[in-house]
Amino acid sequence: MATYTAVDQIDVPAVARAYGIEPLRLVPLAGGAANSSFRLSTASDEFVLTVLDDHDALSAGRLAVRTRALRRLGVPTCTVVPTTDGSLVAFPGERPVLLKEWIEGEVHRPLPLALLPEAGRVLARLHTLPAGVPGLADLPVGTRRLTPEDEALIPAFADREFAAWTAGRLARVRAGVAGRERVPVIVHGDLFDDNVLVRGDRLAFLDWETVSLDDPLLDLGMAAVGLARVDGALDPERLRALLDGYQETAALSAEDLALLPLEIVHAALIIAFHRYRRHTVHRPDPALADHHREMVGFVASVERDLRVL
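This write-up is about the structure you can find in this document.

How each quantity is defined
- Along every chain, residues carry numbers that run from 1 in the direction the sequence is written.
- Local features in this predicted model are restricted to residues whose pLDDT is 70 or higher, and side-chain atom pairs enter the listing and the counts only when it is 80 or higher, whereas totals over whole chains, interfaces and linings include all residues.
- Where side-chain values are given, they derive from all heavy atoms of the structure, hydrogens and water being excluded.
- Residues enter a nonpolar core if they are buried and are Ala, Val, Leu, Ile, Met, Phe, Trp, Tyr or Cys, with the set joined through side-chain atoms within 4.5 Å.
- Exposure classes here rest on a 1.4 Å probe applied to the protein chains alone. A residue is buried below 20% of its type maximum, exposed above 50%, and partly exposed in between.
- A run of DSSP states H or I qualifies as a helix once it reaches four residues; a run of E qualifies as a strand once it reaches two. Both are numbered from the N-terminal end.
- By the convention used here, residues are in contact when the closest approach between their heavy atoms is within 4.5 Å.
- Expected helix span is computed as 1.5 Å times (number of residues minus one).
- Two N or O atoms count as a polar contact when they lie within 3.5 Å, although within protein this holds only if one can serve as hydrogen donor and the other as acceptor, and sequence-adjacent residues are included solely when both atoms are side-chain atoms.
- Think of it this way: the bend at a residue is just the angle between two axes, each fitted to seven residues, one set ending at that residue and the other starting at it.
- Aromatic rings from Phe, Tyr and Trp, taking only the six-membered ring of Trp, are treated as a pair when their centres fall within 6.5 Å; an angle between ring planes under 30 degrees marks them as stacked, one over 60 as edge-to-face, and anything in between as tilted.
- Cation placement over rings: the criterion is NZ of Lys or CZ of Arg within 6 Å of the ring centroid and within 35° of the ring normal.
- In summary, the charge assignment counts Lys and Arg as positive and Asp and Glu as negative, without counting His or the chain termini.
- When a carboxyl oxygen of Asp or Glu is within 4 Å of a side-chain nitrogen of Lys or Arg, the pair counts as a salt bridge.

## What to know about the nonpolar core
No. 1: By size, the foremost hydrophobic cluster in this structure holds 75 residues, and its most contacted members are Leu-70, Leu-111, Ile-186 and Leu-220.
No. 2: Looking at this core, the element that brings in the most residues is helix α8 (residues 254-282), giving 13 residues.
No. 3: Leave out the neighbours within four places in its chain, and Leu-220 touches Leu-123, His-127, Leu-242, Leu-243, Tyr-246, Leu-252 and Leu-260.
No. 4: Within the second largest apolar cluster, 17 residues are counted, among which are Ala-18, Tyr-19, Leu-40 and Val-81.

## A look at helix α2 (residues 57-72)
No. 1: Over its 16 residues, α2 runs 23 Å from end to end, which matches the ideal 22 Å to within 8%, given 1.5 Å per residue.
No. 2: On its buried side, α2 packs onto β4 (80-81), β5 (97-101), α3 (116-127) and β6 (185-187).
No. 3: Capping the start of α2, Asp-56 holds a side-chain oxygen 3.2 Å from the backbone nitrogen of Leu-58, two or three residues further along.

## Notes on α8
No. 1: Its 29 residues give α8 an end-to-end C-alpha distance of 41 Å, which sits within 8% of 42 Å, the value for a rise of 1.5 Å per residue.
No. 2: Along its length, α8 shows its largest kink, about 35°, at Leu-260, and proline Pro-261 lies within four residues downstream of that point.
No. 3: Counted residue by residue, α8 has 21 buried out of 29 residues, so it is predominantly covered.

## A look at the packing of aromatic side chains
Each aromatic ring pair is described using two quantities: the centre-to-centre distance and the angle formed by the ring planes.
No. 1: Tallied over the full model, the rule gives five aromatic pairs.
No. 2: Each ring, one from Phe-157 and one from Phe-162, has its centre 6.1 Å from the other, and the planes form 10°; the classification is stacked. Summarising the burial analysis for this pair, Phe-157 and Phe-162 share the class buried.
No. 3: Ring geometry for Phe-162 against Trp-165: centres 5.9 Å apart, planes inclined by 25°, an arrangement best described as stacked. Taken as a pair, Phe-162 and Trp-165 lie in helix α5 (residues 160-177) at a separation of three residues, close to a single helical turn. Considered together, Phe-162 and Trp-165 belong to a single accessibility category, that of buried residues.
No. 4: Within the aromatic cluster, the residues linked to one another by ring pairs are Phe-157, Phe-162, Trp-165, Phe-273 and Tyr-276.
No. 5: Its guanidinium or amino end placed over the ring of Trp-102, Arg-39 lies 3.8 Å from that ring's centre, counting from NZ or CZ.

## Observations concerning the side chain of Asp-219
No. 1: Note that Asp-219 resides in helix α6 (residues 216-227).
No. 2: In this structure Asp-219 is buried but unpaired, with Arg-144 as the nearest side chain of opposite charge at 7.1 Å.
No. 3: Engagement of the side chain of Asp-219 in a polar contact is seen with the side chain of His-127, the distance being 2.8 Å.
No. 4: For Asp-219, the side chain forms a polar contact with the main-chain nitrogen of Gly-189, separated by 2.8 Å.
No. 5: The residues contacting Asp-219, other than those within four sequence positions of it, are Leu-123, His-127, Val-187, His-188 and Gly-189.

## A word on unusual backbone geometry
No. 1: In this structure, the amide linkage connecting Glu-22 to the following residue, Pro-23, adopts the cis form with an omega of -5°.
No. 2: The residue Pro-23 is located in the loop between α1 (12-19) and β1 (25-28) in this model.
No. 3: Cis geometry is found at the peptide bond from Arg-109 to Pro-110, where omega equals 5°.
No. 4: Assignment of secondary structure puts Pro-110 in the loop between β5 and α3.
No. 5: If you check the backbone angles, Asp-231 has positive phi at about 50° while not being a glycine.

Laid out in structure tokens, this is it:
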């Protein structure tokens, strides 16, 4: 797991030399599940400096290239700033960093209902982008899904009830969607409200660490978990708003709409698994030890309100 970087651990003069900007000031930004981000201010400009705590040079470079490619294709996201020698990643210390232009806006938790159609529209546009363009030609496939190795860990979970619940629901999802997968498209994989920046009535999508090729319904299901959940339960009104915007660009068939509840459950199972493993197995945190159980209640609401098999 990542060990987060504090501002006093950053070699500020080295950052200034790498990007040819000084003097500069760093202020920590809240949020981020895997990296440490700072608002970098100069006399005339504002940027975001992200220390990629859990990346090596190769993965950091891929993230930078993919983010730039998505921006060039018109996805509303940040602009990666190169170093003075043209590199997209700098190494002012042991860990790689990215510098991005500052986007004026704010994160809302939850994202306002009135903006959910716009979130759906942007997500649908992402799903219709060509995947073979420079910078995106090497996208991995299905990285948000649980691997066979992940699933093999479930029976050994100390929380036996949660282990049985997870395995049972996964089996039901697999049976329900078998043979009905759609052509893989570019997906965000983690569209939660803390990865959406509000700029008036427009949005910017942030943090492309889980970008991959996958079934668009699973990505839409993940967005439903991230954006259509209120007080731990699915909010049907928020889901309808998200889908209304999505279908303005990418119409869903009757079969898609029938399968979407299963993919929402699938997405919630993925989140529950990773929360349990992160906060109970890999890096035990008593304050977050029950964090995975939020998804148990959420799935129950999906099964009740959307009549999942």
